Amino acid sequence: TSGSIIICLPSIKALARTVKKAHGPNNVLSMLHYHLHNNLAADTIHLHCDYCVGQNKNESVLGYFMWRCSTGLAIELSFMRVGRTRCAVDGYFGLIKQQWRASENDTLEDVEHAVKSSCPANTAEMFTWKWRQWDTFLEQYFGPLKGIANFQHFTMTAANMQHISCREAPDRESTLFSILRKCGASNRSRCSDLGKY
């Protein structure tokens, strides 16, 4: 679909003052989980995003999607190559920035209006999302993927919860990696509850 869905939240600076590691994975995954849980009407999703190596999100994002697969979802995730992240979506964000600079934005309602009036294709959705400590939860079950920055494309399915299929480019052969931690006697009950959080 064209356009962008912009999530209106309190000031990121205010968020950073009140939440430790505000640029970590928990805020992104909490918002993403809200939308997948409430708005998803498909059994397969395709996602494209920037690499966030400096913010340490990638490993938690992969773990989150593996967890989502345990509920029956199939996911294809593509990280855009560094230096090649400009796309049509950036144009829509540019229109929002233009409208933002020309407006007085003191409340969340002002932000919502700025987004909606920037372009007919842009939509603002106001919602309250539940903050979750995703990184702490996910590290119980999923470990890091070594050499993650060498790959751009990842496929995860419920049929193969043991492995992530990784490719360096769309035309390259895939390599299987496992990030699922072993379920020993001490945490077997937790591993059987992957779909619960």
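Since the structure is predicted, the reported quantities are computational estimates derived from the model, not experimental observations.

Focus: the overall build of the protein
The secondary structure content of the protein amounts to seven helices and seven strands. Starting at the N terminus and ending at the C terminus, the protein contains elements arranged as β-α-α-β-α-β-α-α-β-α-β-β-β-α. Considering the protein as a whole, with its 197 residues, one finds that 37% of them fall into the buried category. For the protein, the share of sequence-separated contacts (at least 6 apart) that also reach a separation of at least 24 residues comes to 72%.

Let's talk about the pairing of strand β6 (residues 164-167)
Where strand β5 (residues 153-156) and β6 come together, three bridges link them in antiparallel fashion. Bridging across to β6, Phe 154 finds its partner in Cys 166. As paired elements, β6 and strand β7 (residues 175-177) share three bridges and run antiparallel to each other. Its bridge partner being in β7, Cys 166 is matched across the sheet by Thr 175.

Remarks on the sheet that holds β5
Within the open sheet, the five strands sit side by side as β2-β3-β5-β6-β7. Their pairing is mixed. This sheet does not close on itself; its edge strands, each paired only once, are β2 (44-49) and β7. Strand-to-strand, the axes of this sheet are offset by a mean angle of 20°, without reference to chain direction. Strands β2, β3 (74-79), β5 and β6 of the sheet are contacted by helix α3 (residues 58-69), whose axis makes an angle of about 165° with β3.

Describing the confidence of the model for the protein
Per-chain confidence: the protein averages 76 in pLDDT, with 72% of residues scoring 70 or above. When mean pLDDT is taken per element in the protein, β6 scores highest with 93 and helix α1 (residues 12-18) scores lowest with 40. Here residues 1-20 is modelled with pLDDT under 50, and outside its nearest four sequence neighbours on either side it reaches 37 contacts, counting other chains as well.

Quick look at the packing of aromatic side chains
Applying the stated criterion across every chain, the model contains nine aromatic pairs. Connected via pairs of aromatic rings, a cluster forms that spans Tyr 64, Phe 65, Trp 67, Trp 134, Phe 137, Tyr 141 and Phe 142.

Details of the environment of Met 31
Topologically, Met 31 is positioned in helix α2 (residues 25-39). A relative accessible area of 15% places Met 31 in the buried class. Placed 96 residues apart in sequence, Met 31 and Phe 127 show a C-alpha to C-alpha distance of 9.7 Å.

Remarks on the pattern of salt bridges
What the rule picks out here adds up to two salt bridges. For Glu 112, the salt bridge identified is with Lys 116, shortest N-O distance 3.1 Å. Linking Glu 112 with Lys 116, this pair stays in helix α5 (residues 108-118), spanning four residues, or about one helical turn. Here Glu 168 ties to Arg 172 by a salt bridge, and the two come within 2.8 Å at their closest N and O atoms.

Focus: α5
Listed as buried for α5 are Val 111, Glu 112, Ala 114, Val 115 and Ser 118. Seen end-on, α5 carries its buried residues on one side only, within an arc spanning 160°. In α5, the exposed positions that point more than 90 degrees away from the buried face belong to Glu 109 and His 113.

What to know about α3
When the terminal C-alpha atoms of α3 are compared, their 17 Å separation across 12 residues agrees well with the 16 Å that a helix rising 1.5 Å per residue should span. The element α3 is largely enclosed, with a buried count of 11 among its 12 residues. Listed as buried for α3 are Asn 58, Ser 60, Val 61, Leu 62, Gly 63, Tyr 64, Phe 65, Met 66, Trp 67, Arg 68 and Cys 69. Lining the buried residues of α3 we find α2, β2, β3, α6 (134-138), β5 and β6.

Digging into the nonpolar core
Counting 29 residues, the largest nonpolar core has Leu 62, Phe 154 and Met 156 as its most contacted members. For this core, the leading source of residues is α3, giving seven residues. Sequence-distant contacts of Met 156, that is, excluding residues within four places in its chain, are made with Leu 62, Phe 65, Met 66, Cys 69, Leu 73, Ala 74, Ile 75, Leu 77 and Ile 164.

Parameters and conventions
- Residues numbered from 1 in each chain as written.
- Predicted model: local features only at pLDDT ≥ 70, side-chain atom pairs only at ≥ 80, totals over all residues.
- Heavy atoms only, no water.
- Helix = DSSP H or I, 4+ residues; strand = E, 2+ residues; numbered from the N terminus.
- Buried < 20%, exposed > 50% of the residue type's maximum accessible area, 1.4 Å probe, protein only.
- Contact = heavy atoms within 4.5 Å.
- Pairing = 2+ DSSP bridges.
- Axes fitted to C-alpha atoms, helices over the stretch in contact; angles between N-to-C directions.
- pLDDT = per-residue confidence, 0-100.
- Phe/Tyr/Trp six-rings, centres within 6.5 Å; stacked < 30°, edge-to-face > 60°.
- Salt bridge = Lys/Arg side-chain N within 4 Å of Asp/Glu carboxyl O.
- Arc of directions from axis to C-beta.
- Expected span 1.5 Å × (residues − 1).
- Core = buried A, V, L, I, M, F, W, Y, C linked by side-chain atoms within 4.5 Å.

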